[in-house]
Amino acid sequence: MDVNANGIFSLSALIDAILYNISMVSNIVEKKLNPDSSINYADLSRYNHTGNLSINYKFVTKDSAELRKLSSPFGFIFNGEINGNVSNSSDRFNSKSVMDIKNFRYQDTSIVFNNLQSNIAITNNYVNQINSDPLSSFKINMDVNADKIRFSSYKLDSVNALLSLSEAIANFKVRGKMDSLKYLRLVSDIDMRGNDIVMNVDSLYAKYNTYEVINNNRWTVIYIPQNEVKINQLGLKSGKMVLNVDGIYSLTGSSDINIKGENLNIGEIYGMIQPFDTTETGEKTIFPVQGEFQNFSANLTGTPEKANIILDVKTNLLKYDTMSVGTIVANVQYKDRILSPDIMITNNGNKGNLKITGNIPFENIFIKKDTTAAVADRLSDLHLEANNFQIQY
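Residues numbered from 1 in each chain as written. Predicted model: local features only at pLDDT ≥ 70, side-chain atom pairs only at ≥ 80, totals over all residues. Heavy atoms only, no water.

Q: Please provide a residue-by-residue account of the overall build of the chain, values included.
A: From N to C terminus, the chain includes four helices and 24 strands. Rg of the C-alpha trace for the chain: 29 Å, well past the compact-globule value of 21 Å for 393 residues, more than 25% over. Based on the C-alpha atoms only, the size of the chain along its principal axes is roughly 90 × 50 × 40 Å. Every one of the 393 residues in the chain was classed for burial, and the buried ones make up 32%. In the chain, of all internal contacts separated by at least 6 residues, the share reaching a separation of at least 24 is 45%. Carbon and sulfur atoms provide 54% of the accessible area of the chain, an area that totals close to 23500 Å². Here the chain contributes 38 positive and 41 negative side-chain charges, whose respective centroids are spaced 4 Å apart. (Helix = DSSP H or I, 4+ residues; strand = E, 2+ residues; numbered from the N terminus. Rg over C-alpha atoms; globule rule 2.2 N^0.38 Å. Buried < 20%, exposed > 50% of the residue type's maximum accessible area, 1.4 Å probe, protein only. Contact = heavy atoms within 4.5 Å. Areas by Shrake-Rupley, 256 points an atom, 1.4 Å probe, with all protein chains shown as cover. Lys, Arg positive; Asp, Glu negative; His and termini not counted. Charge placed at Lys NZ, Arg CZ, Asp CG, Glu CD.)

Encoded structure:
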C-alpha cells in the first residue's frame, strides 16, 4: 500500500473546507425537499472554510494477503488506486479525483465493485453564492464506468453514468445491463433553480427479457415540496401498446390522476409481470387469456382514505386458449367503499350478451387494513341480465 500527499495545507483547514462543502450541499438538498424552518440544519459558521490550501494525493493498494489481514476485520477488501487534488481559498473550492478500483467488497457480497473507473470534478464558487439559489454556485462533472456493481441482491453486469451539474440544473445519462436480457438507457435532467424541482426525461429505453419499452413522449414531473407531485406528461410505449399518465398527486389533500392506455395486450402484460426463466424449462409460459384492451382509462381522485376510482375498458375479441369468448365493454366506479360495475360481455359473433350491474361493498385497497364497519354491514346488490348469452363453446 502506497500513500503520497504533498502541497501547502494545514490539516484543520483541509477538514474545515471539506466539511463546509459537504454540509452546504446537505443543507441545500434538505431545504429543497423539506423547506421547513423548524428543521435543524447543519451550522456552517462552525467551519473556517476560507483558508488557503492546495494538496495533491495518491492512494494505491495491491490485493495481497497482508492487506486482507488488515482490512478483513473491518469487513471490506479494496484493491485499486485513487488520486487527485483539493484546493481552497476565500473565493473557491475545487476537488478533482480519479478512481480505478479493481476490486472492492464490503461484507463479502453486500457491496461489490469490479473494474470501476470514475472521474469526479467539484467546484464551489463562494463569490457567486446566492441565498435564494445556493446550488447555483456549484459545478459538478462525474463519469462512472464499471464491469460489475452489486448491492445486496441487486446486480448490474455493466454500468456507464454521466452527471453534470451547473446553474442548479443536473443532467444525467445512464446505461446499465443485467445479463443479456435486461438493459436500461436513460437521458434526463433535473431543474432545481426555483422553489420547485422539475424532472424531465428526454429518452428512456428498457429491455426486459424479450420486451422493449420506450418513453412515448418527453416526461415532465414537478415536485412542489411538501405539497404535491404534478405529472404533466409520462408515457410508455411497447410495440403497439401505449400508456400515458398525467395529473396531480397531493401530499396534503385531494389527488387527481389520469391513466390512459391503448392496445394493451393482456398476454404481453402478463409476460412482463411474470417473465419466463430459460434456466428452468427453456419455455415461455403463455397466459391462457389472449386479447387486448383497445381502450383503457382510469381516473383516481380523492385521498387514500377517501379514494374514488372511475375505470373504463373496451376489449377486442378475447380468447381462452383456442376458444373465442367475446368482447367486454365495462365501466366500474368505486366510491365510499362501494364498487359499482356496469359490464357488458358480448359473445363472439354477437350471438348474445350478458350485462352485469350492481353495488358491492369493497374494502379500500389503498389502506393496509380497512376496518371501516360500513363495509361489513352493507349488503351486496348484484344484477345479471342475459340475452341469449352462450356459456358453452
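Q: Any details on the pairing of strand E9 (residues 169–178)? Residues and values, ideally.
A: Relative to E9, strand E8 (residues 158–166) runs antiparallel, the two sharing nine bridges. For Asn 160, the partnering residue across the bridge sits in E9 and is Arg 175. Hairpin connection from E8 to E9: two residues lie between these consecutive antiparallel strands, with Glu 167 at a positive phi of about 55°. Pairing of E9 with strand E10 (residues 182–191), which is carried by ten bridges, proceeds in the antiparallel orientation. Looking at the pairing, Met 178 lines up with Lys 182 of E10. Hairpin connection from E9 to E10: three residues lie between these consecutive antiparallel strands, with Asp 179 at a positive phi of about 50°. (Pairing = 2+ DSSP bridges.)

Q: How would you sum up the pattern of salt bridges? Please name residues and give values.
A: Evaluated as defined, the whole model comprises seven salt bridges. Between Arg 193 and Asp 191 there is a salt bridge whose closest N-O contact spans 2.6 Å. According to the relative accessible area criterion, Arg 193 is partly exposed, its value standing at 46%. Since its relative accessible area comes to 16%, Asp 191 is described here as buried. Measuring nitrogen to oxygen at the nearest pair gives 3.6 Å for the salt bridge that ties Lys 240 to Glu 292. (Salt bridge = Lys/Arg side-chain N within 4 Å of Asp/Glu carboxyl O.)

Q: Describe the packing of aromatic side chains, and please don't skip the residues or the numbers.
A: A complete count under the given rule lists six aromatic pairs for this structure. Geometrically, the ring pair formed by Tyr 183 and Tyr 205 is tilted, given 6.0 Å between the ring centres and 55° between the ring planes. Within this pair, whereas Tyr 183 is found in strand E10, its partner Tyr 205 is found in strand E11 (residues 197–208), the two being separated by 22 residues in sequence. Given a relative accessible area of 16%, Tyr 205 falls into the buried group. On the numbers, 6.4 Å between centres and 85° between planes, the contact of Tyr 334 with Phe 362 is edge-to-face. Linking Tyr 334 in strand E21 (residues 323–335) with Phe 362 in the loop between strand E23 (353–361) and helix H4 (373–377), this pair joins segments that are 28 residues apart in sequence. Tyr 334 gets classed as buried once you look at its relative accessible area, which sits at 7%. (Phe/Tyr/Trp six-rings, centres within 6.5 Å; stacked < 30°, edge-to-face > 60°.)

Q: Describe a nonpolar patch on the surface, and please don't skip the residues or the numbers.
A: There is a patch of nonpolar side chains on the surface, built from Leu 11, Ile 15, Ile 18, Leu 19 and Ile 22 and spanning about 430 Å² of accessible area. If you trace the backbone, Ile 15 turns up in helix H1 (residues 11–33). Ile 15 sits in the partly exposed class, given a relative accessible area of 40%. (Patch = residues over 30% accessible without salt bridge, like charges linked within 9 Å, V, L, I, M, F, W, Y side chains within 5 Å.)

Q: Which residues make up H1, and what values go with them?
A: Under the 1.5 Å per step criterion, the end-to-end length of H1 is 33 Å for 23 residues, consistent within 8% with the ideal 33 Å. Inspection of H1 places Ala 13, Leu 14, Asp 16, Ala 17, Tyr 20, Asn 21, Ser 23, Met 24, Asn 27, Ile 28 and Lys 32 among the buried residues, and these make up the whole buried set. Close packing links the buried residues of H1 with strand E2 (53–60), strand E3 (76–88), strand E4 (92–106), strand E5 (111–125), strand E6 (138–151) and E11. (Expected span 1.5 Å × (residues − 1).)

Q: Describe in detail helix H3 (residues 266–273), supporting the description with residues and values.
A: The α-helix winds at 3.6 residues per turn, so residues separated by three or four positions along the chain end up facing the same way. Listed in full, the buried residues belonging to H3 are Ile 266, Gly 267 and Gly 271. On an axial view of H3, the arc spanned by its buried residues comes to 140°, and they lie on one face. On its buried face, H3 sits against strand E12 (211–215), strand E16 (255–265), strand E17 (289–290), strand E18 (292–302) and strand E20 (318–320). Between the side-chain oxygen of the N-cap and the backbone nitrogen of Gly 267 there are 3.0 Å, and the N-cap of H3 in question is Asn 265. (Arc of directions from axis to C-beta. Polar contact = N/O pair within 3.5 Å; in protein donor to acceptor, adjacent residues only side chain to side chain.)

Q: Summarise the environment of Leu 14; cite the residues concerned and give the values.
A: Along the chain, Leu 14 falls in helix H1. Beyond its immediate sequence surroundings of up to four residues, Leu 14 is in contact with Leu 53, Ile 55 and Val 86.

Q: Give a detailed account of the nonpolar core, specifying residues and quantitative values.
A: Formed by 20 residues in total, the largest nonpolar core has its most connected members in Leu 53, Val 86, Leu 135, Phe 138, Leu 165 and Met 192. Elements with a contribution of two residues or more to this core: H1, E2 and E6. Looking at this core, the element that brings in the most residues is H1, giving six residues. In this structure Leu 53 touches Ile 8, Phe 9, Ala 13, Leu 14, Ala 17, Val 86, Ser 87 and Asn 88, once residues within four positions along its chain are discounted. Core analysis: the next-biggest nonpolar cluster, separate from the first, contains nine residues, Phe 78, Ile 101, Phe 113 and Leu 116 among them. (Core = buried A, V, L, I, M, F, W, Y, C linked by side-chain atoms within 4.5 Å.)

Q: Describe the environment of Lys 177, and please don't skip the residues or the numbers.
A: Counting through the fold element by element, Lys 177 comes out in strand E9. Judged by its relative accessible area of 35%, Lys 177 falls in the partly exposed class. Separated by 147 residues in sequence, Lys 177 and Glu 30 place their C-alpha atoms 32 Å apart. Those residues within four positions of Lys 177 in sequence are excluded, and the remaining contacts are Leu 156, Asp 157, Ser 158, Lys 182 and Tyr 183.

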